[in-house]
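What the coordinates show
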Amino acid sequence: MNEKKIAIGVLLGPTASGKTALGVAVAKRLEAQIISADSMQIYRGMNIGSAKPTVEEQEGIPHHLLDVADIDGPKFNVAQYQRLAAAAIASIHAAGGYPLVVGGTGLYINALTCGLDFSETAGDEGLRAELAEQEKGHPGALYAMLQKEDPDAAQRLHPNDTKRLIRALEVKRLTGKPMCADFEKSAAANIPYAPKLVGLTMPRELLYARIEKRVDRMLAQGLLEETRDIWEKGYDRNLPALQALGYKQLFAYFAGESTLDTAVDVIKRETRRFAKRQMTWFRRDARIVWLDITQYSEAGLLDAACAILAEEI
RNA sequence: GCCUCGGUAGCUCAGUUGGUAGAGCAAGGGACUGAAAAUCCCUGUGUCGGUGGUUCAAGUCCACUCUGAGGCA
């Protein structure tokens, strides 16, 4: 690969850290277009709860990868995200714009910036369902099978991590190759991008206070009504989209399984835990330049982010 | 004023016949390659309200004391 790599920016951070607003401000200054890296904002109809930027909040900056899937549509996945985002980046670049990835879904960000390779490892829902059944009938069955079929993969997985065991078995059976083949082919050197990563951070207490406030704001903006509309469509509650924070807990309320107060408390608690998991994911990525928002004024933060993102490679 | 029952981990509480404490929840840490806001793993030192005393040894017994709830006058 000797052609010049496309410079892209990535603005990431835990939920409620202020990525959306800063992203738009950065985009305005750097003539960028935004590619969302958020596994829930892809769904049409899930707006308030996913904190999807409204048209006003987008301030005229083109946003890609929002509203690209239906709640009850075919399962969306990383590979699809990778393809769609790559296409968006290519078109933005071709038009002379700066692609700015903004979001908090670590796996999606890595799919773009770490060269994760999904090309030969398609999914098979039928096989997954079958494997899930086997595990139900005989707990431990999947792990035992994987130990025989792909010992390397088995070694890096925990026997209880059913989802990953299923995936590893799926890869082996569909491609005939062990899963680690994926890992070998995946390398940042393979990607056609030169990414710059900026992360938003702040003291844990402040982040938690912001989460609490944001959940309250979502409720005030009509999250309950938005969720009720979805609830009334009678979707299967097990759909991936409906595992989203906020929606899941309000579904429990509509189903009579909890009071509204309890549901709201659970949303806040689960959102805190989610933010913690996001931080765990991002912390290990040494490429990220962190900006503690308490160290900057609003304008200062924008300057700092732009300076990092616009820096020549 | 007297009596009773409490005061042990951030919260709710367990703690056997005295051998320097343990559950649930909360919280923290970690993993993560086609469900990822998902999924999974690991982690319990705290002036046992305080001060004295008995004892080789006290959350556990005794005295005093602070404090909360209830009861009786």
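Scroll up to find the structure.
Quick summary incoming for the structure in this document. (Residues numbered from 1 in each chain as written. Chains lettered and ligands numbered in written order. Predicted model: local features only at pLDDT ≥ 70, side-chain atom pairs only at ≥ 80, totals over all residues. Heavy atoms only, no water.)

**Side note on the nonpolar core**
Cut-off, in case you're wondering: Joining through side-chain atoms within 4.5 Å is the link that ties buried Ala, Val, Leu, Ile, Met, Phe, Trp, Tyr and Cys residues into a set, and such a set is a nonpolar core. Burial here depends on accessible area, computed with a 1.4 Å probe over protein chains only, as a share of the maximum for the residue type. Under 20% is buried, over 50% is exposed, and the range in between is partly exposed. Strands here are runs of E lasting at least two residues and helices are runs of H or I lasting at least four, both read from the DSSP assignment and numbered beginning at the N terminus. By definition in these notes, contact holds between two residues if any of their heavy atoms fall within 4.5 Å.
Within the largest apolar cluster, 74 residues are counted, with the highest numbers of intra-cluster contacts made by V26, I35 and Y81. If one sorts the elements of this core by residue count, helix α14 (residues 298-310) sits on top with seven residues. Ignoring any residue separated from it by four or fewer positions in sequence, one finds V26 in contact with L100, L302, A305, C306 and L309. Counting residues in hydrophobic clusters, the runner-up holds 15 residues, among them L146, A153, A168 and M179.

**Some points on the packing of aromatic side chains**
What counts, and what does not: The pairing test for Phe, Tyr and Trp rings, Trp by its six-membered ring, is centres within 6.5 Å, and the orientation test on the planes gives stacked under 30 degrees, edge-to-face over 60, and tilted for anything in between.
What the rule picks out here adds up to four aromatic pairs. Plain terms: the ring middles of Y81 and Y108 are 4.4 Å apart, the flat faces sit at 15° to each other, and that makes the pair stacked. You can see Y81 sitting in helix α3 (residues 78-94) and its partner Y108 sitting in helix α4 (residues 106-113), a full 27 residues away along the chain. Across this residue pair, the class does not change: Y81 and Y108 are buried. A ring pair is formed by W231 and F254, whose centres lie 6.0 Å apart and whose planes are at 35°; its orientation type is tilted. One end of the pair, W231, is in helix α11 (residues 223-231); the other, F254, is in helix α12 (residues 247-254), with 23 residues separating them in the sequence.

**Thoughts on the protein's contact with RNA strand B**
Definition in use: Being near a molecule or strand, for a residue, comes down to having at least one heavy atom within 4 Å of it. Nitrogen and oxygen atoms within 3.5 Å of one another constitute a polar contact, given that in protein one can donate a hydrogen and the other can accept it, and given that sequence-neighbouring residues count only through two side-chain atoms. Residues are grouped as follows: Ala, Val, Leu, Ile, Met, Phe, Trp, Tyr, Cys and Pro are nonpolar; Asp, Glu, Lys and Arg are charged; all remaining types, including Gly, are polar.
Around RNA strand B, the structure places 47 residues, and the nearest of them are S39, R128, K163, R167 and R284. For RNA strand B, the fraction of atoms within 4 Å of the protein that belong to sugar or phosphate moieties is 57%. In this structure, a base nitrogen belonging to RNA strand B sits 3.3 Å away from a main-chain N or O atom of W281. The set of elements that each furnish at least two residues to the surface near RNA strand B consists of α3, α4, α8 (162-175), α9 (180-185), α10 (204-220) and α13 (260-283). In terms of residue count, the dominant contributor to the surface near RNA strand B is α13 (nine residues). A per-class count over the surface near RNA strand B returns 17 nonpolar, twelve polar and 18 charged.

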